[in-house]
Amino acid sequence: MRIGVPKETADGEKRVATVPDVVEKLVKLGFTVAVESGAGDAAHFADETYCAAGAEIMGTAAEIWADSDIVFKVRPPSPDEVGLLREGGTLIGFIWPAQHPELMQQLAARKATVLAIDSLPRQLSRAQKMDALTSMAGISGYRAVIEAANAFGRFFNGQITAAGKVPPAKVFIAGAGVAGLAAIGTAANLGAIVRANDTRAEVADQVKSLGGEFVKVDYEEEGSGGGGYAKVMSEGFQAAQRAMYGQQAKDADIIITTALIPGKPAPKLITAEMVQSMKPGSVIVDMAGEQGGNCELTEPGQAVVKHGVTIIGYTDLVSRLAKQSSTLYSNNLLRLTEELCKTKDGVIDVNMEDDAIRGLTVIKDGSITWPPPPIQMPAPPPKPAAAAAPAPKGHGHGSSEPMSAKSLVTVFGLGALAFALVGLYAPASFLAHFTVFVLACFIGYMVVWNVTPSLHTPLMSVTNAISSIIAIGALIQIAPPLTDAGADRPNALILALAVLALALTAVNMFGGFAVTRRMLAMFRK
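Presented here is a report on the structure given in the accompanying data block. (Residues numbered from 1 in each chain as written. Predicted model: local features only at pLDDT ≥ 70, side-chain atom pairs only at ≥ 80, totals over all residues. Heavy atoms only, no water.)

On to the sheet that holds strand β17 (residues 367-368). Pairing within the open sheet is mixed, and its eight strands lie in the order β3-β2-β1-β4-β5-β6-β16-β17. Pairing within the sheet leaves two strands with one partner each, and these edge strands are β3 (56-58) and β17. As judged from the four bridges shared by strand β5 (residues 90-93) and strand β6 (residues 113-116), these two strands associate in the parallel manner. Counterpart to I92 in the pairing with β6 is L115. (Pairing = 2+ DSSP bridges. Helix = DSSP H or I, 4+ residues; strand = E, 2+ residues; numbered from the N terminus.)

Rendered as structure tokens:
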């Protein structure tokens, strides 16, 4: 089968659906690939690079649409492009079926099979490699911060120079989904003070891990919706949220909004009054501009200045990083093609029994199959039966807290009494080994019980602590006695075991630190 890649015709769209590196992999799957001449120019992929990768270059879009069994697209096709699609052909790209019912009817009339990459069931873990929404959102979040920095009047990071002091920029991000998290990380790396809010409380830890501060709305309500999106909140929550946004608007230098709800206009989060309350020279980047915008004063596709505040409503943030976004998007389509062509013979099989493929397929052989039926997720594991009343903290086998001082004195007092009785009646050789055992147990309690994993995982921390106990015991066995020369020395077997234990624990401990160094090196710039 032939895969065709036409040039995008939407205004301002610079992306291309396939890049040369992916063409090579599609050819290995058994497909032939045809690319319209100049399709990759705006993303800095020349026709020559496609030819070198094994693609055929065609002169016009009409040839691509007419001669291709499968067409890869980025934006939804225009009516003219739908008319060029061969009858019974397959189209893969962004469709947004809920927003384009007329387009769905036009494609169905062509008896096409249409896979909408935006309809991917994102709750399936194996679908992540095909999730173009996530890959594009990450790019748009990054670019939003770059656009804000370009429009802002000073540095993001604070500086103290001979010419004066520059305070750090204060950035507030409304919505901590994929785009919001990308914006948080980028703004924090530039040195700004970053605050963020989201209706989903579970993202608070993610915000903090990227260097931001999570600002909570003073209203208890769960905001998680289906497919990784937020849901529409109650009126009470929205009122509390507006009050919080009003406070942040007065303090922030830059606001970035990312809130979208599938199939509905973007919620209005930033009112005209909030814009008026912002400091002159402040910036708002409205990433929901294509769906009407989160700010009441946003003009989609434009950057305007109102009340002294620059409001950026660009709808092509992803396209402004065309080379990177084209590369990631084409990789998403490649992974989808691999799922459709598991036999690697250049023929796709749209398996409607596969949950991921069924969710993507909005039209099958001219029949509209959208929306798909709900996915039957596996039932959660049953909750364990209620256990007996827990023991007081600091006591019992499963406690995560150390013993109280009184209990600790009691335990060690009994231990000392037992040790004294053993010392009165046991032979001297046994007593020496028993001393090592008791010492190891004592250190085990004081070290392993209270270990704090800072650079390691908890498992590695405990393992290193136990290894140190073994090393102490082995060193005591190997060390010469402090008594007279005639005192008992360990026999050859004990000595050999102690040396072996010391060697193994040294390998384990130093190996753990070596692994940690390699892990930390991955995050160094």
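With that out of the way, let us pick up the pattern of salt bridges. Under the counting rule described, the total for this entry stands at 24 salt bridges. Salt-bridge contacts for D251 lead to K170; the nearest nitrogen and oxygen are separated by 3.2 Å. Taken together, the residues D251 in helix α9 (residues 235-251) and K170 in strand β9 (residues 170-174) connect sequence positions 81 residues apart. The salt bridge partner of D365 is K364, with a shortest N-O separation of 3.1 Å. (Salt bridge = Lys/Arg side-chain N within 4 Å of Asp/Glu carboxyl O.)

With that settled, consider the packing of helix α6 (residues 132-151) against helix α11 (residues 322-340). Relative orientation of the contacting elements α6 and α11 amounts to 170°, with a least axis distance of 9 Å. Taken together, the axis directions place α6 and α11 in an arrangement best described as roughly antiparallel. The two elements α6 and α11 cross, and the hand of that crossing is right-handed. Within the contact between the two elements, α6 uses A132, S135, M136 and I139 and α11 uses Q324, S325, L328, Y329 and N332. Taken together, the residues of the contact of α6 with α11 break down into five nonpolar, four polar and no charged. (Axes fitted to C-alpha atoms, helices over the stretch in contact; angles between N-to-C directions. Parallel < 35°, antiparallel > 145°, perpendicular 65-115°, else oblique. Left-handed = near helix turned anticlockwise from the far one by under 90°. Contact = heavy atoms within 4.5 Å. Nonpolar A, V, L, I, M, F, W, Y, C, P; charged D, E, K, R; others polar.)

For the rest of this paragraph, the subject is the packing of aromatic side chains. Under the defined criterion, the tally for this structure stands at five aromatic pairs. Centre to centre, the rings of F172 and Y245 are 5.4 Å apart; their planes meet at 70°, and the pair counts as edge-to-face. Of this pair, F172 sits in strand β9 while Y245 sits in helix α9, and the two are 73 residues apart along the sequence. Take Y245: its relative accessible area is 2%, and that puts it in the buried class. Consider the rings of Y219 and F237, whose centres lie 6.1 Å apart with planes at 85°: the pair is edge-to-face. Within this pair, whereas Y219 is found in the loop between β11 (213-214) and α9, its partner F237 is found in helix α9, the two being separated by 18 residues in sequence. (Phe/Tyr/Trp six-rings, centres within 6.5 Å; stacked < 30°, edge-to-face > 60°. Buried < 20%, exposed > 50% of the residue type's maximum accessible area, 1.4 Å probe, protein only.)

A contiguous nonpolar patch, built from L417, L421, L424 and Y425 and spanning about 520 Å² of accessible area, is present on the exposed surface. Examined against the element boundaries, Y425 turns out to sit in helix α13 (residues 405-425). (Patch = residues over 30% accessible without salt bridge, like charges linked within 9 Å, V, L, I, M, F, W, Y side chains within 5 Å. Areas by Shrake-Rupley, 256 points an atom, 1.4 Å probe, with all protein chains shown as cover.)

Our focus in this paragraph is the sheet that holds β11. Spatially, the seven strands line up as an open sheet ordered β11-β10-β9-β12-β13-β15-β14, and their pairing is mixed. In the strand order of this sheet, the two ends are held by β11 and β14 (303-306), each with one partner. Inspection of the sheet shows β14 paired to strand β15 (residues 309-312) by four bridges, in the antiparallel sense. Its bridge partner lying in β15, A303 is registered against I312. With respect to the sheet, α6 is in contact with β12 (254-257), β13 (283-286) and β15, its orientation differing from that of β13 by roughly 155°.

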